[in-house]
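Descriptive analysis of the structure
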Amino acid sequence: MVLQRLQHLVVRSLGLDSPDHLLMSVVPISQSARYGPTTVDEKHPIRLSQFAFLRSEGKGFVLESPTSLHRVVLHCPEASWVIGMLGRPITSAEVAAAVPLPPEATREIIAHLLGTGMVVPAEPLTSPDLGGGAEPGTGAVQGDGVLHPPVPGFAEDSDPALASWSAIDLLFHTRSTLGRHDADFGATYPLADRMAPAPAVKPLPDGPRIALARPRLDEMPASDPPLSSVLEGRRSIRSFGSERLTADVLGEFLFRALRVRSLHDGSRGGDEGAFTDRPYPSGGRAYELEFYLAVRDCAGIPPGIHYYAPLEHCLVQVGDPDHESARAELFAEARIAAGLTDLPAVVITITSRIHRLAWKYSGLPYALTLKHVGAVTQNLYLVGTAMGLASCALGSGDIDLAARATGLDWRIEPSVGGFVLGTLPEELAQSAVVRHDFHRSNPQAGSGVQTLPID
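Residues numbered from 1 in each chain as written. Predicted model: local features only at pLDDT ≥ 70, side-chain atom pairs only at ≥ 80, totals over all residues. Heavy atoms only, no water.

Concerning the overall build of the protein
Where we set the bar: Helix and strand assignments follow DSSP, with helices taken as H or I runs no shorter than four residues and strands as E runs no shorter than two, numbered in order from the N terminus. Accessible area is worked out with a 1.4 Å probe on protein chains only. A residue is then buried under 20% of its type maximum, exposed over 50%, and partly exposed in between. Whether two residues touch is decided by their heavy atoms; if any such pair falls within 4.5 Å, the residues are in contact. Methods summary: accessible areas were calculated by the Shrake-Rupley approach with a probe of 1.4 Å, and residue burial reflects only the protein chains presented.
In terms of regular secondary structure, the protein is built from 14 helices and 25 strands. A burial count over the protein gives 46% of its 455 residues as buried. For the protein, the share of sequence-separated contacts (at least 6 apart) that also reach a separation of at least 24 residues comes to 71%. A total of about 22500 Å² of accessible surface is found on the protein, and carbon and sulfur atoms cover 54% of it.

Listed below in structure tokens is the structure:
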């Protein structure tokens, strides 16, 4: 009974001919882990789970699965040979006959893998034309008169609880949350002993700079519609007007949504260094997101790829201004990704200085940066709606294309989101003007004002 309660602390190892010749170990990774070797008939089909991942830790292979509460450590090549046989349905008898191990050792390895869920047994075999159960080793005669082998089915392939998950997505989910792994997690400062933290504000890249106008914050409350109207009026607008976007309007949009409001030296914040405050939230005050604007048509801003410097509130042209192909591809990709009917004036590529998060956090960096993308996307939407602009988020993007367009190393500062901006199409612009004028004359008006009629 006591051992049963301590199962999550017990590592089970399997040796070949001596304690020094370990084949594999089964390591529990959760307090809920319960385990026992599982056996099946040696002629019953088995297979490696489609959710299992085999990777190297530098000293050997590790087998992991988001559906398992155990990790399997493979200590020697012989154990890996067994794994290599299980990529397709096969019987344990066939595996034992193929690998250079004693049959009993092979059966023990398979029993441990079945017990952890890394290997799964087939459901009762179904012949192709009968639709019913069939005994292992039987088949069915087809119209061609040939006896065909039965088709094994596996429970995980038809489990409705798993149908919505790919193996990669489910692994990402379980490793970026708590409960189903034993890895370090949270603010553990995993890189603090090896590397310095990334600066709170990215150093300005080389290139021509364009100063942007700064709007007067004290004038915005009187001219902006109420928050409730902005929230109700927010839509993804996929068509754009003929009126040109201007540098002043773009500057106001970036200032309101993305600027650095204040920079603090961090003298009271420990070893993490300086930090910033911006108009959108960021876990741990990381503010790792950066913004690159592909400009197609904006009065006062030359076409090209521009980095938005949030502290200086300026644009810095990056890359080769004569190289048009990557920029043109960004617009073409945005049009397809968002289903745009017209090309926008600006495509914003959101990147992540992931080291800002990885220096401090274990298990969280990429999941956290995606949460930040969601927060900043809502900010861009709301500011665009308040200003009467056409805005739309991009649901996907080409990370290699973004790296080529911006000149970045995708491993250091990958693209993680996108957004497009333009002027409202004429049929919507008039409604926006009427509403804007109404709110300027009636600043106390609430959400009873009609919102933009956009699907």
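Comments concerning helix 13 (residues 399-406)
Heads up, the condition is: Polar contact criterion, stated in full: a pair of N or O atoms within 3.5 Å, where within protein one must be able to donate a hydrogen and the other to accept it, and residues adjacent in sequence count only if both atoms are side-chain atoms.
For helix 13, the full list of buried residues reads Leu401, Ala402, Ala403, Ala405 and Thr406. Residues of helix 13 that are buried sit in contact with strand 18 (289-295), strand 20 (304-309), strand 21 (314-318), helix 10 (325-338), strand 22 (346-352) and strand 25 (415-423). Structurally, the start of helix 13 carries an N-cap: the backbone nitrogen of Asp400 is 3.0 Å from a side-chain oxygen of Asp398.

Here we look at the packing of helix 2 (residues 77-85) against helix 4 (residues 103-116)
We count it as follows: Note on geometry: axes are lines fitted to C-alpha atoms, helical ones only across the stretch in contact, with angles between N-to-C directions running from 0 to 180 degrees. Oblique is the label for any angle not covered by the other classes, which are roughly parallel (under 35 degrees), roughly antiparallel (over 145) and roughly perpendicular (65 to 115). By convention the crossing between two helices is left-handed if the near helix lies anticlockwise of the far one by an angle smaller than a right angle, and right-handed if it lies clockwise.
Close contact between helix 2 and helix 4 brings their axes to 11 Å; oriented N to C, the two are set at 65°. With respect to their mutual orientation, helix 2 and helix 4 come out roughly perpendicular. Relative to helix 4, helix 2 is oriented so that their crossing is right-handed. Within the contact between the two elements, helix 2 uses Ala79, Val82 and Ile83 and helix 4 uses Thr106, Ile109, Ile110 and Leu113.

Looking at the nonpolar core
Worth spelling out the cut-off: Nonpolar cores are built from buried Ala, Val, Leu, Ile, Met, Phe, Trp, Tyr and Cys residues. Side-chain atoms within 4.5 Å join them into one set.
Ranked by internal contacts, the top residues of the largest apolar core, which has 59 residues, are Phe253, Leu254, Leu258, Leu293 and Ile301. Residues in contact with Phe253, not counting those within four places in the same chain, are Ile348, Leu380, Val383, Gly384, Met387, Leu389, Phe419 and Leu421. In this structure, Met24, Ile46, Leu48 and Ile90 belong to the second largest nonpolar core, which totals 27 residues.

Thoughts on the sheet that holds strand 7 (residues 90-91)
Quick note on the threshold: For two strands to pair, DSSP has to find at least two bridges joining them.
Strand order in this open sheet of 3 strands is 7-3-8, and the pairing throughout is antiparallel. Across the chains shown, the open sheet's two edge strands, defined by having one partner strand only, are strand 7 and strand 8 (119-121). In this fold helix 4 packs onto strand 3 (45-48) and strand 8, with an angle of close to 90° to the strand it touches most, strand 8.

Some thoughts on the side chain of His355
Turning to its location among the elements, His355 is positioned in helix 11 (residues 355-358). At a separation of 2.9 Å, a polar atom in the side chain of His355 contacts the main-chain carbonyl oxygen of Ala196. Leaving out residues up to four positions away in the same chain, His355 has contacts with Leu191, Met195, Ala196, Pro197 and Ala198.

Section: the sheet that holds strand 14 (residues 209-211)
Pairing is antiparallel across the open sheet formed by 7 strands, whose spatial order is 14-21-20-18-22-25-24. The outermost strands of the open sheet, each flanked by one partner alone, are strand 14 and strand 24 (389-394). Here the strands of the sheet are splayed against their neighbours by 25° on average, with no regard to which way each runs. Pairing between strand 20 and strand 21: 5 bridges, direction antiparallel. Across the sheet, Tyr308 pairs through a bridge with Leu315, a residue of strand 21.

Quick look at the confidence of the model for the protein
Going by this rule: In predicted models, pLDDT denotes the confidence assigned by the predictor to each residue on a 0 to 100 scale.
The pLDDT averaged across the protein works out to 89; a share of 86% of its residues lies at or above 70. Scored below 50 in pLDDT, residues 128-137 shows 18 contacts in the model against residues more than four places distant or in partner chains. Long-range and interchain partners of residues 443-455, a stretch whose pLDDT sits below 50, account for 28 contacts in this model, where long-range means more than four residues apart.

A few points about the environment of Val201
Relative to the helices and strands, Val201 is located in the loop between strand 13 (186-187) and strand 14. When the C-alpha atoms of Val201 and Ala286 are compared, they prove to be 9.8 Å apart, with 85 residues separating the residues in sequence. Aside from chain neighbours lying at most four places away, what touches Val201 is Leu263, Thr276, Arg278, Leu311 and Arg353.

Quick notes on unusual backbone geometry
Phi is positive for Tyr287, which is not a glycine, with a value near 45°. Its place among the elements puts Tyr287 in the loop between strand 17 (275-277) and strand 18. Positive phi values are uncommon outside glycine, yet His313 reaches one of about 50°. For His313, a relative accessible area of 2% translates into the label buried.

Quick look at the packing of helix 10 against helix 13
To be explicit about the condition: Gly is put with the polar residues, along with every residue not named as nonpolar or charged; the nonpolar set is Ala, Val, Leu, Ile, Met, Phe, Trp, Tyr, Cys and Pro, and the charged set is Asp, Glu, Lys and Arg.
Orientation of helix 10 relative to helix 13, taken along the N-to-C sense of each, is 140°, at an axis distance of 9 Å. Note that helix 10 runs across helix 13; the crossing there is left-handed. Of the residues in helix 13, those in contact with Ala326, Glu329, Leu330 and Glu333 of helix 10 are Leu401, Arg404 and Ala405. Of the residues in the contact of helix 10 with helix 13, the class split is 4 nonpolar, no polar and 3 charged.

Topic: the pairing of strand 3
Across the two faces of strand 3 the burial is the same, with Pro45 and Arg47 and Ile46 and Leu48 all buried. Where strand 3 and strand 7 come together, 2 bridges link them in antiparallel fashion. What sits directly across from Ile46, in strand 7, is Ile90. The pairing of strand 3 with strand 8 spans 3 bridges and is classified as antiparallel. Pairing of Leu48 across the sheet is with Val119, part of strand 8.

What about the side chain of Arg327?
As for its position among the elements, Arg327 is in helix 10. On the accessibility criterion, Arg327 (11% relative accessible area) is buried. The contacts of Arg327, once residues within four sequence positions are left out, are Ala294, Val295, Arg296, Pro303, Gly304 and Ile305.

Brief notes about the packing of aromatic side chains
So the rule is basically this: Between rings of Phe, Tyr and Trp, where Trp is taken as its six-membered ring, a pair exists when centres lie within 6.5 Å; planes separated by under 30 degrees are stacked, by over 60 edge-to-face, and by other angles tilted. We call a charge positioned above a ring when the Lys NZ or Arg CZ atom is no farther than 6 Å from the ring centre and deviates by at most 35 degrees from the ring normal.
Scanning the model with the defined rule gives 6 aromatic pairs in all. Ring geometry for Tyr189 versus Trp359: centroids 5.5 Å apart, planes at 85°, classification edge-to-face. Here Tyr189, found in the loop between strand 13 and strand 14, pairs with Trp359, found in the loop between helix 11 and strand 23 (361-362); they are 170 residues apart in sequence, far enough to count as distant. Ring geometry for Tyr280 versus Phe291: centroids 6.5 Å apart, planes at 80°, classification edge-to-face. Placement of Tyr280 in the loop between strand 17 and strand 18 and of Phe291 in strand 18 is noted, with a sequence separation of 11 residues between them. For the pair formed by Tyr280 and Phe291, the shared burial category is buried. By way of ring pairs, the aromatic residues Tyr280, Tyr287 and Phe291 are connected into one cluster. Positioned above the aromatic ring of Tyr381, the side-chain terminus of Arg234 is 4.6 Å from the ring centre. Between Arg285 and the ring centre of Phe275, over which it is positioned, the NZ or CZ distance is 3.7 Å.

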